[in-house]
Amino acid sequence: MSSKSTRKSSRRLSIQSMEIPINFMKRKRKRPDDDAVSITSMDMGEGDANPSTSKKSKKHAISRASSLIDLLSPRKSRTLRSSSFKAPDGTPSTPKPVPYRPPGPTPTKRRLTMTWTDSMAGANHVQHMSQQLIKHQEAIYELYQSEKDIASDLSNVKKMYWESMVTLSLITSEEASQIFGPTDQLIPVHEDLVVRLEQQRQRDGTTQGVGQQILDWIPQLEVYVGFCSNQPFAKSMLDDKQQVPAIRDYLARCQECPQSRKLDLWALLDGARGRFVKYPLLLKAILKETPEDHEDVELLKTALSQLDAIIKQADDMTGRSECQLHKSRLRYTFDDQKIMEIEESNALILQGPLRNTKNNKVQLYLFEKAVVVTQPNSHQVLRQPIPVSQLVVEDLADGEVSKMGSFRSALTQGQSSKNVFRLSFTDPSQGQSHTLIAADEHSKQQWMRSFQTLTNHIVHRDSIKSCSKKGSALSRKGSTASNKK
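Residues numbered from 1 in each chain as written. Predicted model: local features only at pLDDT ≥ 70, side-chain atom pairs only at ≥ 80, totals over all residues. Heavy atoms only, no water.

The subject of this paragraph is the packing of aromatic side chains. Each aromatic ring pair is characterised by the separation of its centres together with the angle its planes make. Evaluation of the coordinates by the stated rule reveals eight aromatic pairs. Here a set of aromatic residues connected by ring pairs shows up, and it is made of Tyr224, Phe227 and Phe276. Seen from the ring of tyrosine 144, arginine 201 lies directly overhead, with NZ or CZ sitting 4.6 Å from the centre. Over the aromatic face of tryptophan 266 sits the side chain of lysine 235, whose NZ or CZ is 5.8 Å from the ring centroid. (Phe/Tyr/Trp six-rings, centres within 6.5 Å; stacked < 30°, edge-to-face > 60°. Lys NZ or Arg CZ within 6 Å of the ring centre and 35° of its normal.)

Structure (structure tokens):
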């Protein structure tokens, strides 16, 4: 018995000695994650004598371990599934705004170009009308149809631009009033003329007796005086607002709408002003085709005189506004540059870009009572402004002044300039002069004509040069005659 027991114990020892390396290898496995649970650590029945219970306990331990691993380290599929239902931690990220993409070509809302003859197609009595009567109806119909078009454009401007931009908080109500002015007051004016012309239309399609209706309607156009005088300030603010990306994006989207007819906002606003100044041409066309014995002749002439007075008033107010706008942009380096002649000026005669003798760009402003030269972008006043009462304009001959200050001119030893004039004081001690170069002959002549409307102190160097040449030639002739004697 002792020998048998010793054999069993030795046999157990050999089995245990074989199991030690196995358990040792299990302990030496690398764990992929600190949260991973070892199955062997949960295998409590490895040394159990009953093999069936040990297998069950192993299966149970493995299932428990796998469920615990799933809880501690969720699989990728579960993560994706949970992320679709649960919001991420932290503050929710706001969606990025979609950048503007120009839409595809949209059908443009075209205007009807139908004439009165086209609208009366099929009417037999048109064939028996004289050519003058047909042209008379065509002129009245053109006035009627264009009134409907301008009323429609202004209504779209009010709804699509004015009201929508304020509602979307792109601009404030004050800024909208500055940009659009009294646009909402123009709409009923044009709609009223449409109604008046429709009331004068006969059953046969002809329109008679429009002179009195137009004469009664003309005073309503005085609203355009305020509208036109606001245009310089409206254009300036609109240009500033278009630098904002959100506003620029909205205006681009509106321009692609069929109602805009591919026209931007300023084209629609300026179109109303263009319509206003076109009324004399439309009324003259009607008057031209009106029979001389018709009562509308005198009525239309009276309406034209009233219309010219309103347009002149609008032009004067627009000039004042434009002058005030440019005066407000001037930037003075010294206080003595703020001369009273600039403040007293109510009109801007001409303004535009020029170049000096150093080939640098400058901006020249010819106000009613002063001349100012500034830098083009910063509007910084250069040198001392010249009052018109002390202004001397010299029309310099071509080639009399050479360009300086450029690298090319330094290599070519100076280049003669064309279209040059000089502005200076009658008393040179009052300030420095300006020698300016126009882009071409037409631009120079435009400046010279504008100077002539303000001052008589204009010197033409061509005539002086020719007189000096004649004098020198006469002196040479006299010297040669005396030598012969």
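So, on to the packing of helix 5 (residues 131–167) against helix 10 (residues 245–255). The contact between helix 5 and helix 10 brings their axes to 11 Å, and the two run at 150°. As summarised for this structure, helix 5 and helix 10 are arranged roughly antiparallel, according to the angle between their axes. For helix 5 against helix 10, the interelement crossing comes out right-handed. From helix 5, Met160, Tyr161, Ser164 and Met165 reach across to helix 10, where they touch Ile247, Tyr250, Leu251, Cys254 and Gln255. (Axes fitted to C-alpha atoms, helices over the stretch in contact; angles between N-to-C directions. Helix = DSSP H or I, 4+ residues; strand = E, 2+ residues; numbered from the N terminus. Parallel < 35°, antiparallel > 145°, perpendicular 65-115°, else oblique. Left-handed = near helix turned anticlockwise from the far one by under 90°. Contact = heavy atoms within 4.5 Å.)

Turning next to the sheet that holds strand 10 (residues 458–460). Read from one edge to the other, the open sheet built from eight strands follows the order 4-3-2-1-9-8-5-10, with strand pairing classed as mixed. If you trace the sheet from one side to the other, it starts and ends with strand 4 (386–387) and strand 10, each paired once. Bridge count between strand 5 (residues 391–395) and strand 10: three bridges; the pairing is parallel. Bridged to aspartate 395 within strand 10 is histidine 460. Across the sheet, helix 12 (residues 296–329) touches strand 1 (348–356) and strand 2 (361–367), and the angle it forms with strand 1 is around 40°. Those strands touched by helix 15 (residues 441–452) are strand 1, strand 2, strand 5, strand 8 (420–425) and strand 10, and its axis lies near 135° from that of strand 1. (Pairing = 2+ DSSP bridges.)

Right, let's get into helix 11 (residues 265–288). Taking 1.5 Å per residue, 24 residues should reach 34 Å; helix 11 reaches 35 Å between its end C-alpha atoms and fits that length. Along helix 11, the helix axis deviates most sharply at lysine 278, where the bend reaches about 40°; the proline proline 280 sits within four residues downstream. (Expected span 1.5 Å × (residues − 1). Bend = angle between axes of the 7 residues up to and from the residue.)

On to the pairing of strand 2, then. The buried count for strand 2 comes to six of seven residues, which makes it a mostly enclosed element. Two elements, strand 1 and strand 2, share seven bridges in a ladder whose sense is antiparallel. When the sheet's bridge partners are listed, leucine 350 is paired in strand 2 with leucine 366. The antiparallel pairing of strand 1 with strand 2 creates a hairpin that spans four residues between the two strands, and asparagine 359 there sits at a positive phi of about 65°. With four bridges connecting them, strand 2 and strand 3 (residues 370–374) associate as antiparallel partners. (Buried < 20%, exposed > 50% of the residue type's maximum accessible area, 1.4 Å probe, protein only.)

The subject of this paragraph is the pattern of salt bridges. In total, this model carries twelve salt bridges according to the counting rule given. The salt bridge involving glutamate 147 is made with arginine 275; its shortest N-O contact spans 2.6 Å. With glutamate 147 in helix 5 and arginine 275 in helix 11, the pair connects residues that are 128 residues apart, well separated along the chain. When sorted by exposure, glutamate 147 lands in the same class as arginine 275, which is buried. (Salt bridge = Lys/Arg side-chain N within 4 Å of Asp/Glu carboxyl O.)

Once that is clear, we can look at the pairing of strand 3. On a regular strand, one side chain projects to one face of the sheet and the next to the other, so that they alternate. Most of strand 3 sits inside the fold, with five of its five residues counted as buried. Side chains of strand 3 alternate between two faces, with Ala370, Val372 and Thr374 and Val371 and Val373 buried alike. Between strand 2 and strand 3, which pair antiparallel and follow one another directly, the connecting turn spans two residues. As paired elements, strand 3 and strand 4 share two bridges and run antiparallel to each other. Each bridged residue has a counterpart across the sheet, and for alanine 370 the counterpart in strand 4 is proline 387.

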